[in-house]
Amino acid sequence: MMELFFEIGELKRCAIHFDCNGRPSGSAEVVYGRRSDAFAALRRYNNVQLDGRPMKIEILSPNSEAPLMPVLTLLEA
């Protein structure tokens, strides 16, 4: 997954979320250094299939100066 989002731009952080049993929960957090890269990832990958499930990408940002965080969720097929 990191390779997929790295195609857009420089990543500050990429983390897959896991449940209490150590299994992937179906969501991840991707943080870009540039706001424009975050929006490019949203445009390019939102609703695109990954492992048979559509990716739902949301942009989160605590304030206008903070880096944007596209949050990836794999929806159930």
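Right above here is the structure, for reference.
Residues numbered from 1 in each chain as written. Predicted model: local features only at pLDDT ≥ 70, side-chain atom pairs only at ≥ 80, totals over all residues. Heavy atoms only, no water.

(A) Spotlight on the pattern of salt bridges. Enumeration according to the criterion identifies 4 salt bridges in this entry. Of the charged contacts, one joins R44 and E7 as a salt bridge, the two residues approaching to 3.3 Å between their closest N and O atoms. Remark: E7 occurs in the loop between α1 (2-6) and β1 (11-18) and R44 occurs in helix α2 (residues 35-45); sequence separation between them is 37 residues. Given the relative accessible area of 44%, R44 is considered partly exposed. Looking at E7, the relative accessible area reads 51%, which means it is exposed. Its salt-bridge partner being R23, residue D19 comes within 3.4 Å of it at the nearest N-O pair. Judged by its relative accessible area of 28%, D19 is partly exposed. (Salt bridge = Lys/Arg side-chain N within 4 Å of Asp/Glu carboxyl O. Helix = DSSP H or I, 4+ residues; strand = E, 2+ residues; numbered from the N terminus. Buried < 20%, exposed > 50% of the residue type's maximum accessible area, 1.4 Å probe, protein only.)

(B) Layout of the pairing of strand β2 (residues 24-32). Among the 9 residues in β2, 7 count as buried, and that is most of the element. As paired strands, β1 and β2 are joined by 6 bridges and run antiparallel to one another. Directly across from R13, in β2, lies its bridge partner V31. Hairpin remark: β1 followed by β2, antiparallel, with 5 residues in the connecting loop; positive phi at G22, about 85 degrees. (Pairing = 2+ DSSP bridges.)

(C) Seen up close, unusual backbone geometry. Here N47, not a glycine, exhibits a phi torsion of approximately 70 degrees, which is positive. Residue position: N47 is located in the loop between α2 and β3 (49-50). Even without glycine at this site, D51 takes up a positive phi of about 55 degrees. When you line up the elements, D51 lands in the loop between β3 and β4 (53-60). When its relative accessible area of 69% is taken as the criterion, D51 is described as exposed.

(D) Spotlight on the nonpolar core. By size, the foremost hydrophobic cluster in this structure holds 10 residues: F5, I8, L11, V30, Y32, A38, A41, Y45, M55 and I57. Breaking this core down by element, the ones donating at least two residues are β2, α2 and β4. Among the elements that line this core, the one with the most residues is α2, at 3 residues. In contact with L11, other than residues within four places in its own chain, are M2, F5, F6, V30, V31 and Y32. (Core = buried A, V, L, I, M, F, W, Y, C linked by side-chain atoms within 4.5 Å. Contact = heavy atoms within 4.5 Å.)

By themselves, these figures tell us nothing about what the structure is for.
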